[in-house]
Amino acid sequence: MITVITFNPSIDRLYKLETFKIGTVQRANFVNPTAGGKGLNVAKVIKQLGESPICLGFLGGYNGLYIKNELDKVEIVNNFTEINGESRICLNIIDGDKNSTEILEKGPRINEDDILDFESKLDKVLESSKVLVASGSLSQGMPVDYYKTVGEMCNRKGVKFILDTSGRSLEMSISENLYLIKPNIEELELLTHKKINNKEDAINASKFLLEKGVKNICISMGKDGMIFLNKEHIYDVKIPKIEVLNTVGSGDSSIAGFAYGVLNDYSLKDCLKLANSCGMSNALYMETGYINKKDIALFLNEIKINEYNY
Ligand code: ATP
């Protein structure tokens, strides 16, 4: 089973406007509220691929109830810790020129009892998990290196830990308990404190993370596909050009594809192909965390993987 952690889920509201003019009253032609947060996108894509993930994290208030109800509707199993605060709402405004403007709330503050409740739930589900995916930011009130604790819990139970977060919480959680991280270029620059201009820069900047014990690294590069590194291989994943509609959630979809591959004992190259196919498919639709299996079948044949010399 795949367990998916989302500490800070949200109701994501997507507004489509003709033009986005600051300081005016505007009418949205299209509004689409969904249960969001990076981990929930991952869980939705895993579900569409045909596996049943279980979601953990924190939910609170009416927004929390809405999110839980949305997950229940699509039969995604969940066992969130109920908190006193109100889960957040995040806005994505897309204008006629397809520019995306996101407004993200920080989300509720959680306390020590919430963390203890979460840990007892996590401890139980790890018993029957092969892979754990943790995606997105920590909640306010959590120790900045909390993902390190999650890594230790996974290590004790022999569970493969995939972490997709950024900034200090990623930096502070780098350890030998990380099976995979998936920074994009911006996140990699923050993590390595280096400017990345091309694939070679990305590879060179990342190698020290392998020395620190991270087992596998996927550097996602949007339309340029992905670079993969571990101690044995460096792969350049080349993807075909596509007409994208909304790339928000493509990173989460690619994580879902990789996790699905690991769960089902796919070869490394097949995990990478599925990861990129899911990221690409998500980019073809307005809905975040939606993929189409017909696209996936097509992309799997078109993606090429080249090996770099170490
Ligand atoms: P997010 O944070 O929005 O989830 P990300 O920045 O973490 O995304 P990206 O690098 O944008 O991740 O995308 C992940 C994968 O999705 C890419 O490696 C690629 O396979 C696919 N993808 C994303 N954008 C495009 C695009 N414009 N054209 C084709 N494929 C794309």
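Keep in mind the model is a prediction, meaning the values are calculated, not measured.

### Side note on the layout of surface pockets
Which parts of space are left empty comes out when a probe the size of a water molecule is rolled across the atoms.
Line of reasoning, step 1. Within this model, the second largest pocket holds a volume of roughly 240 Å³.
Line of reasoning, step 2. Around the second largest pocket, the lining is made up of 13 residues, and of these Thr 34, Lys 44, Glu 70, Val 74 and Glu 287 lie nearest the centre.
Line of reasoning, step 3. Contributions of two or more residues to the lining of the second largest pocket are made by strand 3 (30–36), helix 1 (38–49) and helix 2 (61–73).
Line of reasoning, step 4. Of the residues that constitute the lining of the second largest pocket, the class distribution is 5 nonpolar, 4 polar and 4 charged.

### Overview of the pairing of strand 9 (residues 131–135)
Line of reasoning, step 1. Counting buried positions along strand 9 yields 5 of 5 residues, so the element is predominantly enclosed.
Line of reasoning, step 2. Where strand 1 (residues 2–6) meets strand 9, 4 bridges bridge the pair, whose relative direction is parallel. Each bridged residue has a counterpart across the sheet, and for Ile 2 the counterpart in strand 9 is Val 131.
Line of reasoning, step 3. Read as a crossover between parallel neighbours, the route from strand 9 over helix 4 (residues 146–157) to strand 10 (residues 160–164) is right-handed.

### Examining unusual backbone geometry
Line of reasoning, step 1. For Glu 75, which is not a glycine, the phi torsion comes out positive at approximately 55 degrees.
Line of reasoning, step 2. Take Glu 75: it is sitting in the loop between helix 2 and strand 5 (77–78).
Line of reasoning, step 3. Even without being glycine, His 193 reaches a positive phi, approximately 60 degrees.
Line of reasoning, step 4. Looking at the secondary structure, you find His 193 in the loop between helix 6 (185–192) and helix 7 (199–211).

So, how was this worked out
Residues numbered from 1 in each chain as written. Predicted model: local features only at pLDDT ≥ 70, side-chain atom pairs only at ≥ 80, totals over all residues. Heavy atoms only, no water. 1 Å grid on protein atoms, 1.4 Å probe; cavity = no way out; pocket = protein on both sides within 12 Å on 5 of 7 lines; lining within 4 Å. Points joined across faces, edges and corners; volume = space filled by probe spheres on them. Helix = DSSP H or I, 4+ residues; strand = E, 2+ residues; numbered from the N terminus. Nonpolar A, V, L, I, M, F, W, Y, C, P; charged D, E, K, R; others polar. Buried < 20%, exposed > 50% of the residue type's maximum accessible area, 1.4 Å probe, protein only. Pairing = 2+ DSSP bridges. Right-handed = clockwise from strand over helix to strand, strands pointing away.

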